[in-house]
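Descriptive structure summary
Residue-level listing of the chains:
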Amino acid sequence: MKNKQNTTCSPKYLKYLKKQKVDTITTKIYQILLLAIFLVLWEVLVQTGAIDAFFFSSPSRICTTLIDLFATGNLLYHMWVTLSETIIGFLIATILGTLIAIALWWSDKLRKVLDPYIVVLNSLPKIALGPLIIIWVGAGTNAIVTMCVLICIVITILSMLSAFLNCDKDKILLMKSFGASKFQILTKLILPNALVDFISVLKINVGMAWVGTIMGEYLVSKAGLGYLIVYGSQIFKLDIVLTSTVVLCLLAGAMYFFVALLEKKYKR
């Protein structure tokens, strides 16, 4: 028979775990209550005439519009268009930005040459490039994905490069003393050390990718949630605008949730 080793936790630690669990549940309850109070208050103000439903809509009107758009199939179509554009732009910006950061870490000379240009590109309002993007890549999906990539890629480059450069210099010297090549240092030390920062970049890029996609759809689109928002504002149907915004928030939250699951799995 194999000997089984019993592990016991101290009462203080068990009390701490219980407190953490209670705090988590309490926080979730407060979050749900806060949202419920906001929605109820919003509906009451509209129903009593304190605020104009034409300008502010209401939860009930948003639900009705959501059902109508879903019944006609328009909602699923526009959701899919925006989601696909966002995911494509997110993946391109994250992968390409990380590869560029690796190249800048690899070559000190290249980093010194490109550093001012990256800083300028980061400070440049990307919306100003909208007309040029349309001329360069054409209208439609290409322009929207390009806008999304431009919004995310510079942040990815700067964040990942900072993570690479902040790696412990003593560990790098230790690997060099054992004869490790630069590629071995990159794959065995630099990249694993920057994994936490990479997950943080993913979480940032989730939000920025949606911003870039909607900005692109504002400029040029024939479908998508951004198109619905623009269309609703043009015909003064704020129910469509707010319904599209709510759906956008739900999709962005779902995408962030998947990244958070990845982070949780990594920590385990």
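Residues numbered from 1 in each chain as written. Predicted model: local features only at pLDDT ≥ 70, side-chain atom pairs only at ≥ 80, totals over all residues. Heavy atoms only, no water.

**Concerning the overall build of the protein chain**
Our working rule: Numbering goes from the N terminus for both helices and strands, where a helix is a DSSP run of H or I of at least four residues and a strand is a run of E of at least two. Between the two quantities, the radius of gyration covers C-alpha atoms and the globule rule is 2.2 Å times the number of residues to the power 0.38. The criterion used for residue contact is that any of the two residues' heavy atoms lie within 4.5 Å. In short, Shrake-Rupley with a 1.4 Å probe defines the accessible areas, and a residue's cover is counted only from the protein chains shown. His is not counted, nor are the chain ends; Lys and Arg add positive charge and Asp and Glu add negative charge. Every charge is mapped onto a representative atom, which is NZ of Lys, CZ of Arg, CG of Asp or CD of Glu.
Each helix and strand counted, the protein chain has twelve helices and zero strands in total. By the compact-globule yardstick of 18 Å for 268 residues, the protein chain is too spread out, its C-alpha radius of gyration being 24 Å. Expressed as lengths along the three principal axes of its C-alpha atoms, the size of the protein chain is roughly 75 × 65 × 35 Å. Here the analysis covers contacts within the protein chain between residues at least 6 apart in sequence; of these, 71% occur between residues at least 24 apart. Accessible surface computed for the protein chain: about 17300 Å², of which carbon and sulfur atoms make up 69%. Side chains of the protein chain carry 25 positive and 13 negative charges; the gap between the two charge centres is 14 Å.

**Focus: the confidence of the model for the protein chain**
Quick reminder of the rule: For every residue, the predictor assigns a confidence score, pLDDT, that lies between 0 and 100.
Scored by pLDDT, the protein chain has a mean of 85; 96% of the residues are at 70 or more. Here helix α2 (residues 53-56) stands out as the element of the protein chain with the lowest mean pLDDT, 80, in contrast to helix α4 (residues 74-106), whose mean of 91 is the highest. Within the model, pLDDT remains below 50 along residues 1-6, and this stretch shows zero contacts once partners closer than five positions in the same chain are excluded.

**Overview of the packing of aromatic side chains**
Note the following rule: Side-chain rings of Phe, Tyr and Trp, where Trp is taken by its six-membered ring, are said to pair if the distance between their centres is within 6.5 Å; with planes under 30 degrees apart they count as stacked, over 60 as edge-to-face, and otherwise as tilted. Categorising residues by exposure relies on relative accessible area from a 1.4 Å probe, with only protein chains included: less than 20% of the type maximum marks a residue as buried, more than 50% marks it as exposed, and the intermediate range marks it as partly exposed. Only lysine NZ and arginine CZ atoms are considered, and such an atom sits over a ring when it is within 6 Å of the ring centre and within 35 degrees of the ring normal.
Applying the stated rule across the entire model yields four aromatic pairs. Measuring from centroid to centroid gives 6.2 Å for Trp105 and Trp106, while their planes differ by 75°, and the two rings are edge-to-face. Residue classification places Trp105 among the buried positions, given a relative accessible area of 10%. Taking relative accessible area as the criterion, Trp106 reaches 37% and is therefore assigned partly exposed. Judged by centre distance (6.2 Å) and plane angle (65°), the ring pair of Phe257 and Phe258 falls under edge-to-face. Accessibility expressed as a relative area gives 49% for Phe257, which makes it partly exposed. Against the face of Trp105 rests Lys182, its NZ or CZ located 5.5 Å from the ring centre.

**Examining helix α10 (residues 195-219)**
For clarity, the cut-off: The length a helix should cover is 1.5 Å for every residue beyond the first. Two axes are fitted around each residue, one to the seven residues ending there and one to the seven starting there, and the angle between them is reported as the bend at that residue.
For α10, spanning 25 residues, the distance from its first C-alpha to its last is 35 Å, which sits close to the expected 36 Å at 1.5 Å a residue. Of all bends in α10, the biggest is about 30°, found at Asn205.

**Examining a nonpolar patch on the surface**
Condition: Patch rule: a residue counts if its relative accessible area is over 30% and it has no salt bridge; like charges are joined within 9 Å, and nonpolar side chains (Val, Leu, Ile, Met, Phe, Trp, Tyr) within 5 Å. Should a side-chain nitrogen of Lys or Arg be within 4 Å of a carboxyl oxygen of Asp or Glu, the pair is scored as a salt bridge.
Taken together, the side chains of Ile25, Ile29, Tyr30, Leu33 and Ile37 make up a nonpolar region of the molecular surface, amounting to roughly 530 Å² of accessible area. On the secondary structure map, Ile25 appears in helix α1 (residues 11-47).

**A short note on the environment of Thr156**
Residue placement: Thr156 occurs in helix α7 (residues 141-165). Once the C-alpha coordinates of Thr156 and Trp136 are considered, the two residues, 20 residues apart in sequence, prove to be 23 Å apart. When near neighbours in sequence (up to four residues on either side) are disregarded, Thr156 contacts Ala93, Thr94, Gly97, Thr98, Val201 and Asn205.

**Observations concerning the side chain of Thr86**
As for its placement among the helices and strands, Thr86 is situated in helix α4. Overall, Thr86 belongs to the buried group, its relative accessible area being 0%. Those residues in contact with Thr86 that lie beyond four places of it in its chain are Cys148, Ala209, Trp210, Thr213 and Met255.

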